[in-house]
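Here is what each chain is made of, one letter per residue.
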Amino acid sequence: MKILPYQPDQSGMAYSVGTTLDRFIKLKQSDFPFASGELSQLLRDIALAAKIVNRETNRAGLANIGGAFGQTNVQGEEQQKLDVIANIRFMRALSKGGEVCAIVSEEEDAVIDLQNNSGKYVVAIDPLDGSSNIDVNISIGTIFSIYRRKTPIGSPIQEEDVMQPGTEQVAAGYVLYGSSTMLVYTTGFGVNGFTYEASLGEFFLSHPNIEAPKNGKIYSINEGLEKSWTDGIKDYIGFCKSEQLSARYIGSLVADFHRNLLKGGIYLYPGTQSNPNGKLRLLYEANALAFIAEQAGAKATDGNQRILEIQPTSLHQRTPLYIGSDKMVDEALRRIARHKQIIPTINL
Ligand code: AHG
Ligand code: MN
Ligand code: MN
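About the criteria used
- Residues numbered from 1 in each chain as written.
- Chains lettered and ligands numbered in written order.
- Predicted model: local features only at pLDDT ≥ 70, side-chain atom pairs only at ≥ 80, totals over all residues.
- Heavy atoms only, no water.
- UniProt positions renumbered as here; feature names shortened; annotations may be inferred.
- Donors = N, O, S within 2.8 Å, 3.2 Å for Na, K, Ca; no water.
- Helix = DSSP H or I, 4+ residues; strand = E, 2+ residues; numbered from the N terminus.
- Buried < 20%, exposed > 50% of the residue type's maximum accessible area, 1.4 Å probe, protein only.
- Domains from an automatic or database assignment.
- Buried area = accessible area lost by both parts, 1.4 Å probe.
- Salt bridge = Lys/Arg side-chain N within 4 Å of Asp/Glu carboxyl O.
- Polar contact = N/O pair within 3.5 Å; in protein donor to acceptor, adjacent residues only side chain to side chain.
- Nonpolar A, V, L, I, M, F, W, Y, C, P; charged D, E, K, R; others polar.

As annotated in an unreviewed UniProt entry, the protein chain carries the name Fructose-1,6-bisphosphatase class 1 and comes from Algoriphagus faecimaris. A UniProt comment under Subcellular location (unreviewed entry) is attached to the protein chain, and it reads "Cytoplasm". Quoted verbatim from the Pathway (unreviewed entry) field of UniProt, the annotation for the protein chain is "Carbohydrate biosynthesis."

Here it is as structure tokens:
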């Protein structure tokens, strides 16, 4: 019998499809000493739910799942049918795996206790981000943060398991349902991006070790709200214009963030008169993207402190968000600080 060692084909006849997300997660498990594989399984569960949501968003125009659901969420925002569907899909995926004990979701008023006290992880999720763009076929996303619970495994979940600052995240990521669907995540060892190959049903590593440009030429802000900006924000956006930067604003945070992460840019959602803390939520929007930004060499702040260091006090808490290329965020911070009101203290 003749035995030959396998020689990978070098002819270039068939291009390599590369590394699947599953394989990559498995390879990276060794980054964690004593890893039990549960975080890996949890990431795989999220990826599976993302594939299902991807399928639903792709056929939304045909399947009568576009449009409003007819109810508002706890924040008084009108829920779209796909918001509700995505929430169901992720809830199911996270509850079946057994790794998670509690979930915070944009679409749920309260913390959802999965009654699985042996679960090690808490997940905060925005199941569908950018819902105003669903019905017009523009990119939308999913954002997730994963925390290790603080209380002992086996005991009922407590507030401290959920109200953790972003620095405690063990993993975070987003899915972008765009011209191609991507999953980008970090476990604190850099950021990697995967593109979905629908015919194979797999995410493949397409953007290894993403590094954000230190500077950029794009600024992203809802300029319609200019009237209610502080002088600091007006100053910074005036500066962007004087530098003739490009304005790009999709209105889906995931999509705006992703573009700026790859190309270089800054995204700003400041406080307004009606929403002094802005619109975006700390637990399931800002924290995950801040973790990814920092891991890619970019920055995220609320104008006063690192997003990741904010101690949450409520589930659906909002925060101003300035996130993106290092130098741009620094310049924005400089101009915000310059205009901060100095209240003189009078010693009598
Ligand atoms: P969501 O659809 O999860 O409620 O999030 C919408 C957010 C975010 O994706 C986007 O950047 C922002 O709302 C846009 O807000 P404006 O329409 O006020 O600009
Ligand atoms: Mn959102
Ligand atoms: Mn949402």
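Next comes the rest of the account.
### A word on the coordination of the manganese ion (ligand 3)
Of the protein atoms, only Glu106 (OE), Asp126 (OD) and Leu128 (O) coordinate the manganese ion (ligand 3), at distances of 2.0 to 2.2 Å. Taken in sequence order, the residues that donate to the manganese ion (ligand 3) follow the motif E-x19-D-x1-L. Between the manganese ion (ligand 3) and the manganese ion (ligand 2) the interatomic distance comes to 3.7 Å, and Asp126 is a ligand of both metals. Of this pair, Glu106 sits in the loop between strand S3 (100–105) and strand S4 (112–113) while Leu128 is found in strand S5 (residues 121–129), placing the two residues 22 residues apart along the sequence. Across the pair, Leu128 and Glu106 agree in class, each one buried.

### As for the domain arrangement of the protein chain
Looking at the protein chain, the domain boundaries give domain 1 (21–207) and domain 2 (218–337). Just the C-alpha atoms count here: the centres of domain 1 and domain 2 sit 22 Å apart. Where domain 1 abuts domain 2, roughly 2,900 Å² becomes buried across the two surfaces, and 65% of that area is made up of carbon and sulfur atoms. In terms of surface lost to domain 2, no three residues of domain 1 exceed Ile143, Met163 and Tyr174, which account for 21% of the buried area on that side. Inspection of the domain 1/domain 2 interface yields one salt bridge. One can count 16 residue pairs in polar contact (both at pLDDT 80 or more) joining domain 1 with domain 2. For the side of domain 1 that touches domain 2, the secondary structure elements donating two or more residues are S3, S5, strand S6 (140–148), strand S7 (169–177) and strand S8 (181–186). Per-element accounting of the side of domain 1 that touches domain 2 gives the leading share, eight residues, to S7. The class makeup of the residues in the side of domain 1 that touches domain 2 is 24 nonpolar, 19 polar and six charged.

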